[in-house]
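So you can see what is in the structure, the chains are spelled out below.
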Amino acid sequence: MPETLEKNYNIDIHGRHFSRMLMLILILIGTFGSTLMQTSLGTAIPTLMKDFSISMSTAQQATTWFLLANGIMVPISAYMANKFPTRWLYIAAYVILLLGMFLTYTAPTSQWWVFLVGRMFQAIAAGITMPLMQVCLVNMFSPKQMGAVMGLGGIVVGLAPAIGPTFAGWLMSKRHVFLGVVLPGSWRTMFMIPMVIVAVVTVLAIFLMHDVIPNRPVKLDLLSLWFSCIGFGLFLLGFTNVAGSGWTDFDTVVFPIVAGVIIIIAFINRQLDKENRYLSLLFLILGLVSLVISVVNITKAGFSDFYMTVVPELAGLSLILAFIVRKLHLKEPFLNIRVFMNKQFSLMTVVMALSTMAMMGVEMMLPLYLQGVKGLTAFNSGLVLLPGALLMGLISPLAGAAYDKVGAKRLALLGFGILALGTLPFLAFNASTSDHFITTLYALRMFGVAMVMMPLTASAMNVLPVEEIADGTASNATARSIASAVVVALLSSVAQNIITTNSPTKALAKTDIISFSDKMIKAMLNGYHASFAIGLAFVIVGLIISLFLKGGKVWRAEIDLQQMEEL
């Protein structure tokens, strides 16, 4: 019988007994606190714009820079999980989270950069705790329990980001009294309450947290670390600048994205090393230089110029393909990207990225539609989203338990089908669409997301050997982080461009305010409809790819046995 099925999961790596349930609850609460910060500012952006005297694009940095720092940290999480004791890694992450919350809570309204630094500290903590949670759960529970356990983890993965806008809107709506303490109706309160909870969790972690992830003497490849941080950082930075600068701005969008891709592939080359390494790098450099030339020429000459754009594009892609084909391995890679050689893991990662894009895209645009077109307050727009968030929290554990019986494929197909039905009516939203109808559709969408996300998370971890779980989790989370950043940039830029193009002139507001308002609402609706249509496209693609998933439940023991038979 495989070793993974004989393990005593009630004993930590030092041979000491511990309460798995207490540690699980602590992990879920702590990770919930860090993840809640990801989307809580969505409904607070108008207030932040007023208090800090900043534009909308500047205020959006609070979200985009969060995604940026989070995306940089996630690839590093696998190294940290393998290198450092679980207990102290969690405590360090919680301390960083507390520091970030304190900075945002106390940020002077004249110093926006202090607020941003606090958000980045929060993102760093989230980039550690989210992947670490999944690795811990795999090492704390048997594969037979993985569906139900990951379903509980889904309360964090799905419910925290989904409930964030409602939570923020409720806190800002009025003053609240809790245990005799008066909480002002301010965006600062959004950080004060989680800060208290995380502080309690940090203290309890000293006593209840145990080392459950086996550590090994992994060497820190500094070059890989720099490649990872700079590459993913530049890549995500380019996408975060799209909404404010557009897709053709070379300095802030094109160059960071292309440079990021170059460094990311150099990072991959660092992990896929050995002989003929420098020849591979030559292919890489020549290929990417060709791509840069192509991108620059596209912005000037358009796509129709064959010699200026098409030839460099094809040459670049060909050389990069030649580089990727030469995949030889480092003995101790910084991030073991060989997990993507597992077909099922790769498919599940792609499908999860698509479901993340479908969820985050609408979740980001819907509050803007509710406040901009329908004129709802931040609190009321949050209330519209609340039932969906609660439903996702309820369905996630049930979907995880269902995975233990039927596997991920059926649930993914069902989930994407429900998600498509819930998204299609969004294309016909107008200024008079019923709030109750929107609430019902949003709840239906979140039901579908829960049916997809949790079973695939459990299944993706089950198809990998135990020693590759940390790398698989980091790779999976990196894909979702990139997907989130891309969809935020894509939908923001599309909606903003359409709204700007179709907006009436300011002169009309002085002569005919009613006509100006009508045309402005139509322009916003056109932009939001386009973004909702893109969200629907992600759902359809996810549904198609789900058809190629393996049916039934795949056990790690079966994977190990299959590998032995192949050898």
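Since the model is a prediction, treat every value here as computed from it, not as a measurement.

1. Describing the overall build of the chain
- When helices and strands are counted, the chain shows 22 helices and 2 strands.
- Buried residues in the chain amount to 56% of all 567 residues.
- The contacts in the chain between residues at least 6 apart in sequence include a share of 81% that link residues at least 24 apart.
- In the structure as shown, the chain presents an accessible area of about 23,700 Å², 69% of it carried by carbon and sulfur atoms.

2. Describing a nonpolar patch on the surface
- On the surface, a nonpolar cluster with roughly 410 Å² of combined accessible area is contributed by Ile540, Ile544, Leu547 and Phe548.
- With respect to the helices and strands, the residue Leu547 is situated in the loop between helix 21 (513–546) and helix 22 (556–566).

3. Comments concerning helix 15 (residues 343–372)
- In this model helix 15 runs 44 Å from its N-terminal to its C-terminal C-alpha over 30 residues, within 8% of the 44 Å that 1.5 Å per residue would give.
- Most of helix 15 is tucked away, with 25 of its 30 residues classed as buried.
- Between the side-chain oxygen at the start of helix 15 and the backbone nitrogen of Gln344 there is a gap of 3.2 Å, and the oxygen is on Asn342.

4. Points about the nonpolar core
- Core analysis: the biggest nonpolar cluster contains 140 residues, and Phe115, Met140, Leu366 and Tyr369 have the highest contact counts within it.
- Of the residues forming this core, the biggest block, 17 residues, is contributed by helix 15.
- Apart from residues no more than four positions distant in its own chain, Leu366 is found in contact with Leu385, Phe426, Phe429, Ile438, Tyr442 and Phe532.

5. Some points on helix 7 (residues 112–140)
- In this model helix 7 runs 42 Å from its N-terminal to its C-terminal C-alpha over 29 residues, within 8% of the 42 Å that 1.5 Å per residue would give.
- For helix 7, the tally of buried residues reaches 24 of 29 residues, placing the bulk of the element in the interior.

6. Thoughts on the environment of Gln122
- Mapping Gln122 onto the fold places it in helix 7.
- For the pair Gln122 and Gly33, spaced 89 residues apart in the sequence, the C-alpha separation amounts to 9.7 Å.
- In contact with Gln122, not counting residues within four places along its chain, are Met37, Phe66, Leu97, Gly100, Met101, Thr104 and Phe191.
- A polar contact of 3.2 Å, which involves the side chain of Gln122, links it to the backbone oxygen of Gly100.

7. Description of the side chain of Thr202
- As for its position among the elements, Thr202 is in helix 9 (residues 189–208).
- Of the residues examined, Thr202 reaches a relative accessible area of 10% and is grouped as buried.
- The contacts of Thr202, once residues within four sequence positions are left out, are Ile91, Tyr94, Val95 and Leu98.

8. Details of the pattern of salt bridges
- A complete count under the given rule lists 2 salt bridges for this structure.
- We note a salt bridge from Arg16 to Asp12, for which the minimum N-O separation is 3.9 Å.
- The partly exposed category is assigned to Arg16, whose relative accessible area is 48%.
- On the basis of relative accessibility, which here comes to 6%, the residue Asp12 falls in the buried class.
- Residues Asp435 and Lys374 are paired through a salt bridge, measuring 3.3 Å at the closest nitrogen-oxygen approach. One end of the pair, Asp435, is in helix 18 (residues 435–462); the other, Lys374, is in the loop between helix 15 and helix 16 (378–406), with 61 residues separating them in the sequence.

9. Remarks on the packing of helix 17 (residues 408–423) against helix 21
- Between helix 17 and helix 21, the shortest axis-to-axis distance is 9 Å and the interhelical angle comes to 160°. As judged from the angle between their axes, helix 17 and helix 21 are roughly antiparallel. As for how helix 17 packs across helix 21, the hand of that crossing is left-handed. For the pair helix 17 and helix 21, the contacting residues are Lys409, Ala412, Leu413, Phe416, Gly417, Leu419, Ala420 and Thr423 in the first and Phe532, Leu536, Val539, Gly542, Leu543 and Ser546 in the second.
- When its residues are assigned to classes, the contact of helix 17 with helix 21 shows 9 nonpolar, 4 polar and 1 charged.

10. Quick notes on unusual backbone geometry
- For Ser53, which is not glycine, the phi dihedral falls at a positive 55°.
- Note that Ser53 resides in the loop between helix 3 (45–52) and helix 4 (56–59).

11. Overview of the packing of aromatic side chains
- Enumeration over the complete set of coordinates arrives at 12 aromatic pairs.
- Relative to Trp187, the ring of Phe52 lies with its centre 5.5 Å away and its plane at 40°, an arrangement referred to as tilted. With Phe52 in helix 3 and Trp187 in the loop between strand 2 (181–183) and helix 9, this pair connects stretches of sequence that are 135 residues apart.
- Residue classification places Phe52 among the buried residues on the basis of a relative accessible area of 6%.

12. What about the side chain of Asp211?
- Take Asp211: it is sitting in the loop between helix 9 and helix 10 (222–240).
- With no salt bridge to any partner, buried Asp211 finds its closest opposite charge in Arg16, at an N-O distance of 5.3 Å.
- Polar side-chain contacts of Asp211 include one of 2.8 Å to the side chain of His14.
- For Asp211, the side chain forms a polar contact with the main-chain nitrogen of Arg87, separated by 2.9 Å.
- For Asp211, the contacting residues outside a window of four places in its chain are Asp12, Ile13, His14, Pro85, Thr86 and Arg87.

13. A few points about the environment of Ser396
- Position of Ser396 among the secondary structure elements: in helix 16.
- For the pair Ser396 and Val149, spaced 247 residues apart in sequence, the C-alpha to C-alpha distance is 9.9 Å.

14. Looking at the packing of helix 6 (residues 86–106) against helix 7
- Here helix 6 crosses helix 7 at 155°, and the two axes come no closer than 7 Å. Looking at the two axes, helix 6 sits roughly antiparallel to helix 7. Between helix 6 and helix 7 the crossing geometry is left-handed.
- In terms of residue class, the contact of helix 6 with helix 7 is made up of 19 nonpolar, 6 polar and 1 charged.

15. Focus on the confidence of the model for the chain
- Averaged over every residue, the pLDDT of the chain is 75; the share at 70 or more is 72%.
- Counting contacts from residues 274–280, a segment whose pLDDT is below 50, to residues more than four positions away or on other chains yields 11 contacts.

16. Looking at the environment of Gly542
- Looking at the element boundaries, Gly542 is found in helix 21.
- Spatially, the C-alpha atoms of Gly542 and Phe416 are 7.0 Å apart, while their sequence positions differ by 126 residues.

What counts as what
Each chain has its residues counted from 1, running along the sequence as written. Reporting in this predicted model follows two pLDDT cut-offs: at least 70 for local features of residues, and 80 or more for side-chain atom pairs to be given and counted; totals over whole chains, interfaces and linings ignore these cut-offs and use all residues. The side-chain values count all of the structure's non-hydrogen atoms but skip hydrogen atoms and water molecules. The helix count covers DSSP runs of H or I at least four residues long, the strand count covers runs of E at least two residues long, and both are numbered beginning at the N terminus. Under the scheme applied here, a residue whose accessible area is under 20% of the maximum for its type counts as buried, over 50% as exposed, and between as partly exposed, the area being computed with a 1.4 Å probe on protein chains only. Throughout, a residue-residue contact means that at least one pair of heavy atoms, one from each residue, lies within 4.5 Å. Computed with a 1.4 Å probe, the accessible areas rest on the Shrake-Rupley method; for each residue, only the protein chains presented here act as cover. Each patch is assembled from residues with relative accessible area greater than 30% and no salt bridge, linking like charges that lie within 9 Å and nonpolar side chains (Val, Leu, Ile, Met, Phe, Trp, Tyr) that lie within 5 Å. A pair is scored as a salt bridge if a Lys or Arg side-chain nitrogen falls within 4 Å of a carboxyl oxygen belonging to Asp or Glu. Every helix has an expected span of 1.5 Å times one less than the residues it contains. Counted as a polar contact is a pair of N or O atoms within 3.5 Å, where, for protein atoms, one must be capable of donating a hydrogen and the other of accepting one, and residues adjacent in sequence contribute only when both atoms are in side chains. In this text, buried Ala, Val, Leu, Ile, Met, Phe, Trp, Tyr and Cys residues form a nonpolar core when linked through side-chain atoms within 4.5 Å. Note on method: axes are straight lines fitted to C-alpha atoms, helices fitted across the in-contact stretch only, with angles between N-to-C directions ranging 0 to 180 degrees. The cut-offs work like this: below 35 degrees is roughly parallel, past 145 is roughly antiparallel, 65 to 115 is roughly perpendicular, and the gaps in between are oblique. Handedness of each helix crossing follows the sense of rotation of the near helix against the far helix: counterclockwise by less than a right angle gives left-handed, clockwise gives right-handed. Throughout this entry, Asp, Glu, Lys and Arg are counted as charged residues, while Ala, Val, Leu, Ile, Met, Phe, Trp, Tyr, Cys and Pro are counted as nonpolar. The remaining residues, Gly among them, count as polar. Aromatic rings from Phe, Tyr and Trp, with only the six-membered ring used for Trp, were paired whenever their centres fell within 6.5 Å, and each pair was classed as stacked if the ring planes differed by under 30 degrees, edge-to-face if by over 60, and tilted otherwise. Positive: Lys, Arg. Negative: Asp, Glu. His and the chain ends are not part of the count. The score called pLDDT rates the predictor's confidence residue by residue, from a low of 0 to a high of 100.

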